[in-house]
Amino acid sequence: MDIKIIPLPAEKMKAKIADQSQLGFGKYFTDRMLLVEWKSGQGWCDARIEPYAPFMLDPACTVFHYAQEIFEGLKAYKWSDGRITLFRPEMNARRFNQSAERICMPEFPEELFVKGIEQLVSLERDWIPTAAGTSLYIRPTMIAVEPVLGVHPSNHYYFYVILSPVGAYYAAGFKPVGILVEDHYVRAVPGGTGEAKTGGNYASSLKAGQEAEKKGYAQVLWLDGKERRFVEEVGAMNMFFAYGNRIVTAPLTGSILSGVTRDSVIKLAPSLGLTVEEKQIDINDLMTDIRAGKVTEAFGSGTAAVITPVGKLCYKDEVLQLTGGNVGGITQKLYDTLTGIQTGKLKDEFGWVRFVG
Ligand SMILES: *Cc1c(COP(=O)(O)O)cnc(C)c1O
């Protein structure tokens, strides 16, 4: 399918953000977006890159009432030699369709997903920030836009991609965060939508996040929804715990999101002298191991921050420090290696980097 390029009138061009230290996350958007429609009986049609603008949507659309929507998150980088790259975009394309299947939305051609993003990013290349730690965040989304209140899969969808120049996550330094283990609210249950990247999972997590913030914690660590006993994941990150050179993470049992960064950490680990174990982690055992000093580091993995060091964990009012509240060696090494590959400073041994023409 060809993507039509709708001209961008000069008066619709926005000023670039001159001070890259002010970018923050997801506050600014570029001049253009990619939009493809799906209509039943017709399939995907009308692919176009057009000026970024609000949608005019009927208030009855399914997405507004029953949250039929999915999304993705990945980044584009501008290397010091001027080349533009994406990091493992085919993984996002595949996961997008896994989410689509769960939420009863049509499959989106994976080649068009990657090609469409490449074309859009290429047109918007001047928006990619270049300061250390910055990137262009890419947000593919699918929403149900049929205006009907009956509860059932829509007959009309928008697939769209917007771009946001984002700042360095660790502008104030690579500092460990405090995490609150959530023992009341749950994020996902077996058979639920935990494995899908869908807005509803986030809507139901807001309350726990707000309460954690009030107590001074950055995010919550979710336990399994059935027994509230096994460690699952954090907000928008998968979690790893290091026992010396052995790193442990929860298995993909259906209620946690299969992170691209999680997969990259697992694949990278052996070359850094680490062994990886995917196994159920009982929160009580974990707390015992932290108290005994066996857990040497903890960190999260996700596209937005890549690797997030965790320096403090609170469970049922007991607060435990990790790595003396400092950034551990493994955490630092994984962060440096992953961001090094993403920005072209380190060799890409895995074929993860995709150049945008
Ligand atoms: C997106 C997301 C992650 C991280 O996935 P990455 O592909 O590494 O960015 C983890 N958990 C949840 C709930 C997510 O939505």
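Since the model is a prediction, treat every value here as computed from it, not as a measurement.

Caption draft 1: Layout of the pattern of salt bridges. All chains considered together, the criterion is met by 17 salt bridges. Note that Arg 262 is salt-bridged to Glu 278, the shortest N-O span being 2.7 Å. Taken together, the positions of Arg 262 in helix α6 (residues 260-268) and Glu 278 in strand β14 (residues 275-278) put the pair 16 residues apart, joining distant regions of the chain. With a relative accessible area of 3%, Arg 262 lands in the buried category. Taken together, the salt bridges that share partners define one network made up of Glu 37, Arg 48 and Glu 50.

Caption draft 2: Representation of the site of the ligand. What surrounds the ligand is a group of 15 residues, the closest being Lys 197, Tyr 202, Glu 233, Thr 261 and Thr 303. Take Thr 261: an N or O atom from its side chain is 2.6 Å from an oxygen atom of the ligand. The separation between an oxygen atom of the ligand and a polar side-chain atom of Thr 303 is 2.6 Å. A total of 380 Å² of accessible area belongs to the ligand in isolation, and the protein chains cover 97% of it. When residues of the shell around the ligand are traced back to their parent elements, those giving at least two are β12 (237-243) and α6. Of the residues belonging to the shell around the ligand, the class tally is 5 nonpolar, 6 polar and 4 charged.

Caption draft 3: The arrangement of the packing of aromatic side chains in detail. One pass over the structure, following the stated rule, counts 17 aromatic pairs. Pairing Phe 87 with Trp 352 gives two aromatic rings, centres 5.7 Å apart and planes at 80 degrees, and the pair type is edge-to-face. Placement of the pair is Phe 87 in strand β6 (residues 84-87) and Trp 352 in the loop between α8 (329-342) and β18 (353-356), with a sequence separation of 265 residues. With respect to class, Phe 87 is no different from Trp 352; both count as buried.

Caption draft 4: The arrangement of the packing of α6 against α8 in detail. Contact pair α6 / α8: the axes reach a minimum separation of 11 Å and the direction vectors enclose 110 degrees. Classified by the angle between their axes, α6 and α8 sit roughly perpendicular to one another. In contact with Thr 261, Ser 264, Val 265 and Leu 268 of α6, α8 contributes Leu 334, Thr 337, Leu 338 and Ile 341. Across the contact of α6 with α8, the residue classes break down as 5 nonpolar, 3 polar and no charged.

Caption draft 5: Representation of a nonpolar patch on the surface within the structure. Among the surface-exposed residues, Tyr 66, Leu 149 and Val 151 lie close enough to one another that they form a single nonpolar patch of about 310 Å² accessible area. Along the chain, the position of Tyr 66 falls in helix α1 (residues 62-66). Its relative accessible area of 37% is what places Tyr 66 among the partly exposed residues.

Caption draft 6: Layout of the side chain of Thr 261. Inspection of the secondary structure assignment puts Thr 261 in helix α6. For Thr 261, a relative accessible area of 8% translates into the label buried. Residues contacting Thr 261, with those up to four places away along its chain left out, are Ser 301, Gly 302, Thr 303, Val 306 and Leu 338.

Caption draft 7: View of the domain arrangement of the chain. With domains assigned, the chain is organised as domain 1 (4-166) and domain 2 (177-343). Of the residues lining the interface, 21 residues belong to domain 1; the matching set on domain 2 comes to 21 residues. Both sides of the domain 1 and domain 2 interface together cover about 1800 Å² of buried area, and 59% of this is carbon and sulfur. Looking only at domain 1, the three residues that lose the most surface to domain 2 are Phe 71, Phe 87 and Arg 95, adding up to 32% of its buried area. At the boundary of domain 1 and domain 2, one finds 1 salt bridge.

Caption draft 8: Expanded view of the pairing of strand β11 (residues 231-234). For strand β10 (residues 219-223) and β11, the ladder comprises 2 bridges, and the chain directions are antiparallel. Among the inter-strand pairings, Leu 223 is bridged to a residue of β11, identified as Val 231. Alignment of β11 against β12, held across 2 bridges, turns out to be antiparallel. In the strand pairing of β12, Val 234 is matched with Met 237. Counting the residues that bridge the hairpin from β11 to β12 gives 2 residues, and of these Gly 235 lies at a positive phi of roughly 20 degrees.

What counts and what doesn't
- Residues numbered from 1 in each chain as written.
- Predicted model: local features only at pLDDT ≥ 70, side-chain atom pairs only at ≥ 80, totals over all residues.
- Heavy atoms only, no water.
- Salt bridge = Lys/Arg side-chain N within 4 Å of Asp/Glu carboxyl O.
- Helix = DSSP H or I, 4+ residues; strand = E, 2+ residues; numbered from the N terminus.
- Buried < 20%, exposed > 50% of the residue type's maximum accessible area, 1.4 Å probe, protein only.
- Near = heavy atom within 4 Å.
- Polar contact = N/O pair within 3.5 Å; in protein donor to acceptor, adjacent residues only side chain to side chain.
- Areas by Shrake-Rupley, 256 points an atom, 1.4 Å probe, with all protein chains shown as cover.
- Nonpolar A, V, L, I, M, F, W, Y, C, P; charged D, E, K, R; others polar.
- Phe/Tyr/Trp six-rings, centres within 6.5 Å; stacked < 30°, edge-to-face > 60°.
- Axes fitted to C-alpha atoms, helices over the stretch in contact; angles between N-to-C directions.
- Parallel < 35°, antiparallel > 145°, perpendicular 65-115°, else oblique.
- Contact = heavy atoms within 4.5 Å.
- Patch = residues over 30% accessible without salt bridge, like charges linked within 9 Å, V, L, I, M, F, W, Y side chains within 5 Å.
- Domains from an automatic or database assignment.
- Buried area = accessible area lost by both parts, 1.4 Å probe.
- Pairing = 2+ DSSP bridges.

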